[in-house]
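Each chain, written out:
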Amino acid sequence: SLAGALAQSFGSADAALAQFAAATKAVEASGWGILAYEPLSGRLVVLQSEKHQDLTMWGVVPLLCCDVWEHAYYLQYENRRAEWVDAFMKLANWDFAAERLAAACR
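These figures come from a predicted structure and were not determined experimentally. (Residues numbered from 1 in each chain as written. Predicted model: local features only at pLDDT ≥ 70, side-chain atom pairs only at ≥ 80, totals over all residues. Heavy atoms only, no water.)

Concerning the pattern of salt bridges
Line of reasoning, step 1. Evaluation of the coordinates by the stated rule reveals 3 salt bridges.
Line of reasoning, step 2. Put simply, Asp-86 and Lys-25 hold a salt bridge, and the shortest N to O gap is 2.8 Å. Remark: Lys-25 occurs in helix α2 (residues 13–25) and Asp-86 occurs in helix α4 (residues 81–91); sequence separation between them is 61 residues.
Line of reasoning, step 3. Residue classification places Lys-25 among the partly exposed residues on the basis of a relative accessible area of 33%.
Line of reasoning, step 4. For Arg-80, the salt bridge is made with Glu-83, and the minimal N-O distance between the two is 3.1 Å.
Line of reasoning, step 5. According to the relative accessible area criterion, Arg-80 is partly exposed, its value standing at 35%.
Line of reasoning, step 6. Glu-83 sits in the partly exposed class, given a relative accessible area of 40%. (Salt bridge = Lys/Arg side-chain N within 4 Å of Asp/Glu carboxyl O. Helix = DSSP H or I, 4+ residues; strand = E, 2+ residues; numbered from the N terminus. Buried < 20%, exposed > 50% of the residue type's maximum accessible area, 1.4 Å probe, protein only.)

Here we look at the nonpolar core
Line of reasoning, step 1. Within the largest apolar cluster, 27 residues are counted, with the highest numbers of intra-cluster contacts made by Phe-20, Leu-35, Leu-44, Trp-84 and Phe-88.
Line of reasoning, step 2. Elements that contribute at least two residues to this core include exactly α1 (2–10), α2, β1 (31–38), β2 (43–50), β3 (61–67), α4 and α5 (94–104).
Line of reasoning, step 3. Here the element with the most residues in this core is α4; it accounts for 5 residues.
Line of reasoning, step 4. Not counting chain neighbours up to four residues away, the residues in contact with Trp-84 comprise Cys-66, Asp-67, Val-68, Tyr-73 and Tyr-77. (Core = buried A, V, L, I, M, F, W, Y, C linked by side-chain atoms within 4.5 Å. Contact = heavy atoms within 4.5 Å.)

This is the structure we're talking about:
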């Protein structure tokens, strides 16, 4: 399950979500925060992707991405990226992420 994988990879689901949110808030310029499955280790990882390719880790399966390009949040949140990320964490489709993890582990 996703909850079990989060706990195994980060110590707890809460710790995983905190790391995902912190990494996403810290993306320099425009990019994404990514929760991904790394098949070689069988663990989940949190990544930052900036400008489409920088800081990319090849060989992972993205489970959930938070868009922090300004077009994603500016109309409602203006320059308050951290507020957008906090809102995203509540709105994210965690069932979809769990389905992607299950498919990646087959």
